[in-house]
Amino acid sequence: IFIAATDPTQNPQYHLYVYSSTLSLQAVPLSGPVKNISFYANGALAYLNGGAPNAVTLYNVCDNSLAETIPVPDQPVILEATFDGQHAIGLDSPAVQIFTSTLIPPVAPATCPFTMSTPAPTLVNLGQATFTPLEMIVTSDSARAYVLAKDRAAVFAYNFGVNTVTAIPLTNDPAPVS
C-alpha cells in the first residue's frame, strides 16, 4: 500500500509511506507533494503525480527505489497509468500530457528493480478551452480516456490511437458534480 502524505513539522515534509504485509511501515522522503498515485499495468511500478517539483516520479514497488523522474511543463491535476504498460495520461486543463515509457527490466536473475525510459510528455490540447477537471477514466483496453469537467455539460473522450477528442453532450445540459 502506497500513501503519500505531507507533514509540515518534519523535514522533509513530503513522504511516501509504504506498507507491506511482509515488511514494517517504511517512509520514503520526497522533495515535493503528491497529488495522486497510479500503478503500472504489471503492478511493479507506481506513478506518483509529483514527488519532486514539476515532475512525475516512478517508484519500484519491490524495493521503494526511484525508477525515474519525468519533468513536466505543468503538474497534472490527475494522472492515470494505462493498462497497455506503455502509457500514462496526465490531465491539466485545457490539455492532456501523454507519457510513453519503455520498461527496462533488471538483468537476470534479478527480478528488481526496474528502470524506465520516458521522453518528455506529448501535450494534446483537448480543444475545449479551460475547464475544471473532476475525473478521468481510462478504458481497460487503453484506447480512450474519458474526462468529466465540473463546468461542462459534456464528457470528453480522448482517443489514444488517433489523438482526437470528441465531446459527448449530456442530455438536458447538466453539469457533472463528481
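Reading the values: rules and limits
- Residues numbered from 1 in each chain as written.
- Predicted model: local features only at pLDDT ≥ 70, side-chain atom pairs only at ≥ 80, totals over all residues.
- Heavy atoms only, no water.
- Pairing = 2+ DSSP bridges.
- Helix = DSSP H or I, 4+ residues; strand = E, 2+ residues; numbered from the N terminus.
- Axes fitted to C-alpha atoms, helices over the stretch in contact; angles between N-to-C directions.
- Core = buried A, V, L, I, M, F, W, Y, C linked by side-chain atoms within 4.5 Å.
- Buried < 20%, exposed > 50% of the residue type's maximum accessible area, 1.4 Å probe, protein only.
- Contact = heavy atoms within 4.5 Å.
- Salt bridge = Lys/Arg side-chain N within 4 Å of Asp/Glu carboxyl O.
- Lys, Arg positive; Asp, Glu negative; His and termini not counted.

**Concerning the sheet that holds strand β8 (residues 78-81)**
Two pairing modes exist for strands in a sheet, parallel and antiparallel, and in both the strands are linked by backbone hydrogen bonds.
So, step 1. Spatial strand order, β8-β9-β10-β13: four strands in an open sheet with antiparallel pairing. Two strands lie at the open edges of the sheet, namely β8 and β13 (122-125), each paired on one side alone. Ignoring strand direction, the axes of neighbouring strands in this sheet form an average angle of 20°.

**Section: the nonpolar core**
So, step 1. Judged by nonpolar contacts, the single largest core of 16 residues is most densely connected at I89 and L91.
So, step 2. Broken down by secondary-structure element, the contributors of at least two residues to this core are β9 (87-92), β10 (95-100), β14 (133-138), β15 (144-149) and β16 (154-159).
So, step 3. Among the elements that make up this core, the one with the highest residue count is β15 (three residues).
So, step 4. Setting aside its immediate chain neighbours within four residues, L91 contacts P76, V77, I78, V96, L126, F131, P133, M136 and V147.

**Some remarks on the pattern of salt bridges**
So, step 1. In this structure the tally under the stated criterion is one salt bridge.
So, step 2. R152 is the salt-bridge partner of D151, the closest N and O atoms lying 3.7 Å from each other.

**Topic: the sheet that holds β14**
So, step 1. Across the sheet, which stays open at both edges, the four strands sit in the order β14-β15-β16-β17 with antiparallel pairing between neighbours. Each edge of the sheet is formed by a strand with only one pairing partner; in this case those strands are β14 and β17 (164-169). With direction set aside, neighbouring strand axes in the sheet form an average angle of 20°.
So, step 2. Across six bridges, the pairing between β16 and β17 is antiparallel. Across the sheet, A154 pairs through a bridge with P169, a residue of β17.

**As for the side chain of E68**
So, step 1. Position of E68 relative to the elements: it lies in strand β7 (residues 66-71).
So, step 2. An unpaired buried charge is present at E68: no salt bridge exists, and K35, the closest side chain of opposite charge, is 20 Å distant.
So, step 3. Ignoring anything within four residues of it in the chain, the contact list for E68 reads V56, T57, L58, M116, S117 and T118.

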